[in-house]
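So you can see what is in the structure, the chains are spelled out below.
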Amino acid sequence: MTASRDVLVVGGGPAGLSAAARLAAAGLGVTLVDEQPELGGQYYRRPSPAVLREHGDHRPEGGRLIAHVRSLGVDCLTGHLVWGVDDDGRTLLATGPDGTPVRLRARHVIVATGAYERTHPFPGWQLPGVTTPGFAQHLAAADGTPPGRRVLVAGSGPFLLPVACSLLAAGADVVGVAEAGHPYRPSLRAAPALRHPARLRELAGYVARLARARVPLWQGRVVNGAAGGDRVTSVTLAATVDPGRPLRTLDVDALCVGYGFRPQTELARLLGCEISADAVTGDAEPVTDAFGRTSRPGVYVVGEAAGVGGVHRARVRGAMAAAHILLREGSPAAPGPREIARLAAQGRALTRFTAMSDALYPSPARLQEVLAATLDDDTIVCRCEAVTAAAVRSAAAERAGGDLNAAKSWSRAGMGPCQGRFCGFAVAGLVRDAAEAPPAGGARCGVPVFPARQPVRPVPVETLLALGEQDGGDG
């Protein structure tokens, strides 16, 4: 089956929904495709019916936006996984809920695929009960079920605070929040935050909620290791400046640990969009302008996939991409200069806020260096292929010459079903640490991600066979 529309939006989160709503309201034919059974993405994920009846909607604005998109007649293909790009470099390959292959074409493609959580291994991270903050947030806020009774939240970034609050609301005993940096100490770096009172009120609300529940907030602490048998039973913390030396051990039955988010760029890279490495985060990001335009004509990247910046920035980015498409189409509903100027001003203000927030927390690139350098050789880094830190270091130093992709080939780290989504950040850090210093002005690993290959996610063999039969029929 081949579907062709004016605009194809990949990703039903805040950015994709915002773009789809604006374009459909202007009369364009829009298809919105998302691999989940319901729209919303991670941020606007819908609660289960039972939780909705018991506790209400934790993010009602998301429910209203989804209902608006559907009411505008957007063709919503939920449960459809976009996993590749056809030989023409433009048609997207997807599989439906029943495994049926689907080809999707449009004059304009908006990639709004969101972000992954940034994880870093430590001894015991594969134990049951160890999860990411995002998954814990989903369980607690959307399903009303915490991942354990005594939970430690750890890692870095502002996302840890709402996760801890959601766990409290779901009935968990949050034993503490361990933040790798010192973002909550008064400092001149935080002064620009005074220009964003709404965001400050949001942050203050989380801090007050944790204080009322007497949840300790430790700063400058990272997870040194987790222990347990059938499930995690204790977690050891260390100072961020010396992550190899344990400081204290906490009894828990769940650990939620993550270091922010990384843009999900595989589809943009398969489409041939130019990618660059962000010096602050160490992440690969598509090169885009204010409208989300990429180096590929007709291809836009918006939301967290264009660089992590939060829900408000994601929605503005989606609206900007829609505005540009309407201008290109000559639509009578295209925004005028004043509306575009207003959106651009919002985008710049939110970009400044993101930069200010990033400056308060440890740089992911710096954390990558510190954590990778002190990781025990025996620690499993790639859980899919059971590859240890020692194996990655050996491959990087002895065979790969410091090249990330070559180290992947020699060690098999990142070659399992997740294709490096969980271990890629750590493997890149280990390779960087093991490689010899580059020449002056030279780069060690280039863009710090594994190459994008299709299928970007596992797909049933039956789908590939059916796709081949379609090609044979077309021929």
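Sequence positions are assigned chain by chain, starting from 1 and proceeding in written order. Residues qualify for local features only when their pLDDT is at least 70, as the model is predicted, and side-chain atom pairs are given and counted only at 80 or more; totals for whole chains, interfaces and linings, by contrast, use all residues. Only hydrogens and water are set aside; all other atoms, that is, all heavy atoms of the structure, feed into the side-chain values.

1. Concerning the packing of aromatic side chains
Then, number 1: Only Phe, Tyr and Trp rings take part, Trp by its six-membered ring, and two of them pair if their centres are within 6.5 Å. Stacked means planes under 30 degrees apart, edge-to-face means over 60, and tilted covers everything else. By the definition in use, this model includes three aromatic pairs.
Then, number 2: Ring centres of F159 and F261 lie 5.2 Å apart, and the angle between their planes is 65°; this geometry places the pair in the edge-to-face category. Of this pair, F159 sits in the loop between strand 9 (150–155) and helix 5 (160–169) while F261 sits in strand 16 (residues 261–263); the two residues are 102 residues apart in sequence, bridging distant segments of the chain.
Then, number 3: Seen in terms of ring centroids, Y184 and Y361 are 6.1 Å apart; in terms of plane orientation they differ by 80°. Their pairing is edge-to-face. Taken together, the positions of Y184 in the loop between strand 10 (173–179) and helix 6 (197–212) and Y361 in the loop between helix 9 (337–360) and helix 10 (364–373) put the pair 177 residues apart, joining distant regions of the chain.
Then, number 4: Type-normalised accessible area, obtained with a 1.4 Å probe on protein chains alone, sets the label of each residue: buried when under 20%, exposed when over 50%, and partly exposed for intermediate values. A relative accessible area of 11% means that Y361 is categorised as buried.
Then, number 5: Remark: a charge is flagged as sitting over a ring if the NZ atom of Lys or the CZ atom of Arg is within 6 Å of the ring centre and within 35 degrees of the ring normal. Over the aromatic face of Y43 sits the side chain of R59, whose NZ or CZ is 3.8 Å from the ring centroid. To qualify as a helix, a DSSP run of H or I must reach at least 4 residues; to qualify as a strand, a run of E must reach at least 2; elements of each kind are numbered from the N terminus.

2. Section: the sheet that holds strand 14 (residues 242–251)
Then, number 1: Spatially, three strands are ordered 12-13-14 in an open sheet, and the strand pairing comes out antiparallel. Strand pairing shows two members of the sheet lacking a second neighbour, strand 12 (221–228) and strand 14, which therefore form its edges. Averaged over all pairs of adjacent strands, the angle between their axes in this sheet comes to 35°, without regard to strand direction. Only strands that DSSP links by at least two bridges are regarded as paired with each other. The convention used is that axes are lines fitted to C-alpha atoms, helices contributing only their stretch in contact, and that angles between N-to-C directions extend from 0 to 180 degrees.

3. Remarks on the UniProt feature "domain: BFD-like [2Fe-2S]-binding" (unreviewed entry) in the protein
Then, number 1: UniProt positions are given in the numbering used here, feature names are shortened, and annotations may be inferred rather than shown by experiment. Taking the numbering used here, the UniProt-annotated feature "domain: BFD-like [2Fe-2S]-binding" (unreviewed entry) corresponds to residues 380–430.
Then, number 2: Between the C-alpha atoms that bound residues 380–430 there is a distance of 12 Å. The span itself is 51% helix and 10% strand.

4. Notes on the side chain of S411
Then, number 1: Topologically, S411 is positioned in helix 12 (residues 404–411).
Then, number 2: In the analysis that follows, any N or O atom pair within 3.5 Å is treated as a polar contact, provided that within protein one partner can donate a hydrogen and the other can accept it, and provided that, for residues neighboring in sequence, both atoms belong to side chains. Within the structure, S411 has its side chain in polar contact with the backbone oxygen of A407 (distance 2.7 Å).
Then, number 3: Polar side-chain contacts of S411 include one of 3.2 Å to the backbone nitrogen of A413.
Then, number 4: By the convention used here, residues are in contact when the closest approach between their heavy atoms is within 4.5 Å. If we ignore the near neighbours within four places in the chain, the residues touching S411 are V387, A391, V392 and A395.

5. Section: the pattern of salt bridges
Side chains carrying opposite charge are able to pair once their charged atoms draw close together.
Then, number 1: Salt bridge, as used here: a side-chain nitrogen of Lys or Arg that lies within 4 Å of a carboxyl oxygen of Asp or Glu. One pass over the full model with this rule turns up 16 salt bridges.
Then, number 2: R118 is the partner of D283 in a salt bridge, and the nearest nitrogen-oxygen pair spans 2.9 Å. Remark: R118 occurs in the loop between strand 7 (115–117) and strand 8 (130–131) and D283 occurs in the loop between strand 17 (275–277) and strand 18 (284–286); sequence separation between them is 165 residues. You'll find D283 and R118 in the same group, each marked buried.

6. A short note on the sheet that holds strand 15 (residues 254–258)
Then, number 1: Read from one edge of the open sheet, five strands run 8-15-9-10-11, paired in parallel fashion. The sheet is open, and its two edges are formed by strand 8 and strand 11 (217–219), each paired on a single side.
Then, number 2: Across two bridges, the pairing between strand 8 and strand 15 is parallel. Bridge pairing in strand 15 places T131 opposite C256.
Then, number 3: Contacts from helix 4 (residues 133–143) reach strand 8, strand 9 and strand 15, with the element oriented near 125° to strand 15.
Then, number 4: On the sheet, helix 5 packs against strand 9, strand 10, strand 11 and strand 15 and is oriented at approximately 175° with respect to strand 10.

7. Focus on the environment of P158
Then, number 1: Tracing the backbone shows P158 in the loop between strand 9 and helix 5.
Then, number 2: For the pair P158 and F122, spaced 36 residues apart in sequence, the C-alpha separation works out to 22 Å.

8. Observations regarding empty space enclosed by the protein
Then, number 1: The distinction between a cavity and a pocket rests on a 1 Å grid over the protein atoms alone: a 1.4 Å probe fits inside a cavity but cannot get out, while a pocket stays open yet meets protein on both sides within 12 Å along at least five of seven lines, and a residue with an atom within 4 Å of a point counts as lining. Grid points are joined across faces, edges and corners, and a volume is the space filled by probe spheres set on the points. Applying the stated rule across the entire model yields one cavity of 30 Å³ or more.
Then, number 2: Space inside the largest cavity adds up to approximately 40 Å³.
Then, number 3: In this structure, the largest cavity is lined by E117, P133, S156, F159, L160, G258, Y259, G260 and F261.
Then, number 4: Across the lining of the largest cavity, the residue classes break down as five nonpolar, three polar and one charged. Charged residues are taken to be Asp, Glu, Lys and Arg, nonpolar residues to be Ala, Val, Leu, Ile, Met, Phe, Trp, Tyr, Cys and Pro, and polar residues to be all remaining types, Gly included.

9. Here we look at helix 3 (residues 60–71)
Then, number 1: To estimate the expected span of a helix, count its residues, drop one, and scale the result by 1.5 Å. For helix 3, which comprises twelve residues, the first-to-last C-alpha distance of 17 Å matches the rise-based estimate of 16 Å (1.5 Å per residue) to within 8%.
Then, number 2: What helix 3 keeps buried is the set G62, L65, I66 and V69. One side of helix 3 carries all its buried residues, which in axial view fall inside an arc of 100°. When the buried face of helix 3 is taken as reference, the exposed residues oriented beyond 90 degrees from it are R64 and S71. Within this analysis, the arc is defined by the directions that extend from the helix axis to the C-beta atoms.

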